[in-house]
Amino acid sequence: VVHEAIDGEGNNYAVKIVTKSVLTHEDVVGLMDEISILRELSHPNIIRLYDAFDEPLNYFLVTEMMSGGELFDRIVQKEAYNEKEARDVC
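Quick caveat, the model's predicted, so the values are computed rather than measured. (Residues numbered from 1 in each chain as written. Predicted model: local features only at pLDDT ≥ 70, side-chain atom pairs only at ≥ 80, totals over all residues. Heavy atoms only, no water.)

1. Side note on the packing of aromatic side chains
As enumerated under the stated definition, the model contains 1 aromatic pair in all. Taking the centre distance of 5.1 Å and the plane angle of 90° together, the rings of Y13 and Y50 count as edge-to-face. With Y13 in strand β2 (residues 12-19) and Y50 in strand β3 (residues 49-54), this pair connects stretches of sequence that are 37 residues apart. Exposure remark for Y50: the relative accessible area of 37% places this residue in the partly exposed category. Seen from the ring of Y59, K20 lies directly overhead, with NZ or CZ sitting 4.7 Å from the centre. (Phe/Tyr/Trp six-rings, centres within 6.5 Å; stacked < 30°, edge-to-face > 60°. Helix = DSSP H or I, 4+ residues; strand = E, 2+ residues; numbered from the N terminus. Buried < 20%, exposed > 50% of the residue type's maximum accessible area, 1.4 Å probe, protein only. Lys NZ or Arg CZ within 6 Å of the ring centre and 35° of its normal.)

Below, the structure written as structure tokens:
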């Protein structure tokens, strides 16, 4: 689940909430890897992770707000892409 959050200065963020009870051990390992990698990256084409919190019931990942919906959903809606369409799908 992802929620929009706004800080005291009016900046928008996305807060991804991951429920621990539904995660397998492999899911947790993958999530920790993702957090570790995103903490190290700073690139205009990769979502920025501002912070991550490990609470008793959930993990909270605070990232930059992205608009436009899920990229995966847009990719699977179409059966085939030409080169220009594939480049512009984002």
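2. Details of a nonpolar patch on the surface
Taken together, the side chains of I37, L41, I46, I47 and M66 present a nonpolar region at the surface, about 420 Å² in accessible area. Relative to the assigned elements, I46 resides in the loop between α1 (25-40) and β3. (Patch = residues over 30% accessible without salt bridge, like charges linked within 9 Å, V, L, I, M, F, W, Y side chains within 5 Å. Areas by Shrake-Rupley, 256 points an atom, 1.4 Å probe, with all protein chains shown as cover. Salt bridge = Lys/Arg side-chain N within 4 Å of Asp/Glu carboxyl O.)

3. Observations concerning α1
Taking 1.5 Å of rise per residue, the 16 residues of α1 would be expected to cover 22 Å, and the 23 Å separating its terminal C-alpha atoms lies within 8% of that figure. If you check which residues of α1 are buried, you get L31, I35 and L38. Take α1 and look down its axis: the buried residues cluster within an arc of 75°, on one side only. Summarising the geometry of α1, the exposed residues directed more than 90 degrees from the buried face are H25, E26 and E40. (Expected span 1.5 Å × (residues − 1). Arc of directions from axis to C-beta.)

4. Focus on the sheet that holds β2
Overall, antiparallel pairing links the 4 strands, which are arranged β1-β2-β4-β3 in an open sheet. Both outer strands of the open sheet, β1 (2-6) and β3, are each paired with one neighbouring strand and no more. For this sheet the average axis-to-axis angle between neighbouring strands, irrespective of direction, equals 25°. Of the strand pairs in this sheet, β2 and strand β4 (residues 58-64) are connected by 7 bridges, and their pairing is antiparallel. (Pairing = 2+ DSSP bridges. Axes fitted to C-alpha atoms, helices over the stretch in contact; angles between N-to-C directions.)

None of this, on its own, says anything about what the molecule does.
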